[in-house]
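Reading the structure
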Amino acid sequence: MTSRTVDAQLGAEVYFKCENFQRMGAFKFRGAFNALSCLDAEARARGVIAFSSGNHAQAVALSARLLGMASTIVMPEDAPLTKMEATRAYGAHIVTYNRYREDREEIARRLATERGLCVIPPYDHPDVIAGQGTAAMELIKEVGSLDRLYVCLGGGGLLAGSALAAKALAPRCKVYGVEPQAGNDGQQSFRTGSIVRIKVPDTIADGAQTLSLGRYPFEIIRRDVTDVLTVSDPALIAGMRFFAERMKMIVEPTGCLAFAAVRAAGQQLAGQRVGVIVSGGNVDLERFAALISKPAGQAR
Ligand SMILES: *Cc1c(COP(=O)(O)O)cnc(C)c1O
């Protein structure tokens, strides 16, 4: 997608890769489908397990169904009902846990050992990273070389995959990761050269509430990414409003990270060809309405 308004405001050519229109509503389908497709016949027959309350759960459940595999998803018992229903509708077996008393990774690993299931992590896995990179690959193949590419950043699977795709197809393209201001562990890690861990960040960007970068993504990001930037929650809301009003798209808060950084860069981008990954569109309409109706500064 493109927007004449955005191009005119920035004096740039901006190309949006809209993963809010992806199957199950986010780019996570790419990584999950690739990782499951790479399993051998024996592992496929046993099935897979993932722990997530968000888009990764639905991505693994849908990919497993399409590939004829069984999937188990470990979710907090207080996860939004709509998310649980959507995951169950894709045919997944759901195991719930109490997020204040139990450790989901431990539960997933125990079930994996007991039942011989393969654990599919949301970002810290080479096949997941390779799958996520196909969004940037498609964008560059479609619109041609870019000067800059902006990508949202949680655990780093999408950014690492995008950086690899850009390096191969547009080697002079600068790649930027974008995080919520309240959770800038990726920026700290990038700038200090070792993985920094933080407490659960207080931000509306729930897809980027990760505590630290994954090890595989970090190695790629530190080598192939130009910089990691941050944006505020009010800037995410301004992005959601713009997407809805001007481009007629529903984008979840996390999906607005990259665009918010592009808007903040303003005239710095004049004359450049800029790619923006819009990562997903899964947000309850009630929450969407509540967020966009609050005055700037009252993000929550
Ligand atoms: C998972 C997710 C992200 C963050 O991706 P990582 O690979 O963890 O960095 C960003 N946006 C959306 C919509 C997501 O679901």
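Look a little higher up for the structure.
Given the structure is predicted, the values throughout are model-derived calculations rather than measurements. (Residues numbered from 1 in each chain as written. Predicted model: local features only at pLDDT ≥ 70, side-chain atom pairs only at ≥ 80, totals over all residues. Heavy atoms only, no water.)

A few points about helix α11 (residues 215-224)
- All of the buried residues along α11 are Pro217, Phe218, Ile220, Ile221 and Asp224.
- Here the buried face of α11 lies against α7 (126-132), α9 (157-169), β7 (174-180) and α10 (185-192). (Buried < 20%, exposed > 50% of the residue type's maximum accessible area, 1.4 Å probe, protein only. Helix = DSSP H or I, 4+ residues; strand = E, 2+ residues; numbered from the N terminus. Contact = heavy atoms within 4.5 Å.)

Some details on the packing of aromatic side chains
- Applying the stated rule across the entire model yields six aromatic pairs.
- Seen from their ring centres, phenylalanine 16 and phenylalanine 243 are 5.8 Å apart, and the 80° between their planes marks the pair as edge-to-face. In this pair, phenylalanine 16 is assigned in strand β1 (residues 13-18) and phenylalanine 243 in helix α12 (residues 233-247), connecting sequence segments 227 residues apart.
- With centroids separated by 5.0 Å and ring planes inclined at 15°, the aromatic side chains of tyrosine 150 and tyrosine 176 adopt a geometry described as stacked. Taken together, the residues span a long stretch of sequence, with tyrosine 150 in strand β6 (residues 148-152) and tyrosine 176 in strand β7 at a distance of 26 residues.
- By relative accessible area, which is 8% here, tyrosine 176 ends up buried.
- Members of the aromatic cluster, joined through ring pairs, are Phe16, Phe242, Phe243 and Phe259. (Phe/Tyr/Trp six-rings, centres within 6.5 Å; stacked < 30°, edge-to-face > 60°.)

A closer look at the pattern of salt bridges
- With the rule as written, the count across this model stands at 13 salt bridges.
- One salt bridge connects arginine 30 with glutamate 138, and the closest N-O pair in it is separated by 2.9 Å. Taken together, the residues span a long stretch of sequence, with arginine 30 in helix α2 (residues 28-37) and glutamate 138 in helix α8 (residues 134-143) at a distance of 108 residues.
- With relative accessibility at 32%, the residue glutamate 138 sits in the partly exposed group.
- One network of salt bridges, with partners in common, ties together Lys17, Glu19, Arg30 and Glu138. (Salt bridge = Lys/Arg side-chain N within 4 Å of Asp/Glu carboxyl O.)

As for the environment of valine 196
- Structurally, the position occupied by valine 196 is in the loop between α10 and α11.
- The exposure class of valine 196 is buried, given its relative accessible area of 18%.
- Between the alpha carbons of valine 196 and alanine 79 there is a distance of 27 Å; along the sequence they are 117 residues apart.
- Apart from the residues lying within four places of it in its own chain, the contact partners of valine 196 are Asp185, Gln188, Ser189, Leu211 and Ser212.

Quick notes on the pairing of β7
- For β7, a buried count of six out of seven residues is recorded, marking the element as mostly surrounded by other parts of the structure.
- Of the pairings in the sheet, the one linking β6 to β7 comprises five bridges and is parallel in character. Residue cysteine 152 lies in a different strand from β7, and its bridge partner there is valine 178.
- Read from β6 through α9 to β7, the crossover connection turns out right-handed.
- Bridge count for β7 against strand β8 (residues 227-231) is five bridges, and the pairing is parallel. Note that in β8 the partner of glutamate 179 across the bridge is threonine 230. (Pairing = 2+ DSSP bridges. Right-handed = clockwise from strand over helix to strand, strands pointing away.)

Structural notes on the site of the ligand
- As a structural note, the neighbourhood of the ligand is formed by 16 residues, with Lys28, Asn55, Gly154, Gly156 and Ser279 the closest of them.
- Take glycine 156: an N or O atom from its main chain is 2.8 Å from an oxygen atom of the ligand.
- Within the backbone of glycine 157, an N or O atom sits 3.0 Å from an oxygen atom of the ligand.
- Against a free-state accessible area of 380 Å², the protein chains account for coverage of 97% of the ligand.
- Here the residues of the shell around the ligand are counted per class, giving five nonpolar, nine polar and two charged. (Near = heavy atom within 4 Å. Polar contact = N/O pair within 3.5 Å; in protein donor to acceptor, adjacent residues only side chain to side chain. Areas by Shrake-Rupley, 256 points an atom, 1.4 Å probe, with all protein chains shown as cover. Nonpolar A, V, L, I, M, F, W, Y, C, P; charged D, E, K, R; others polar.)

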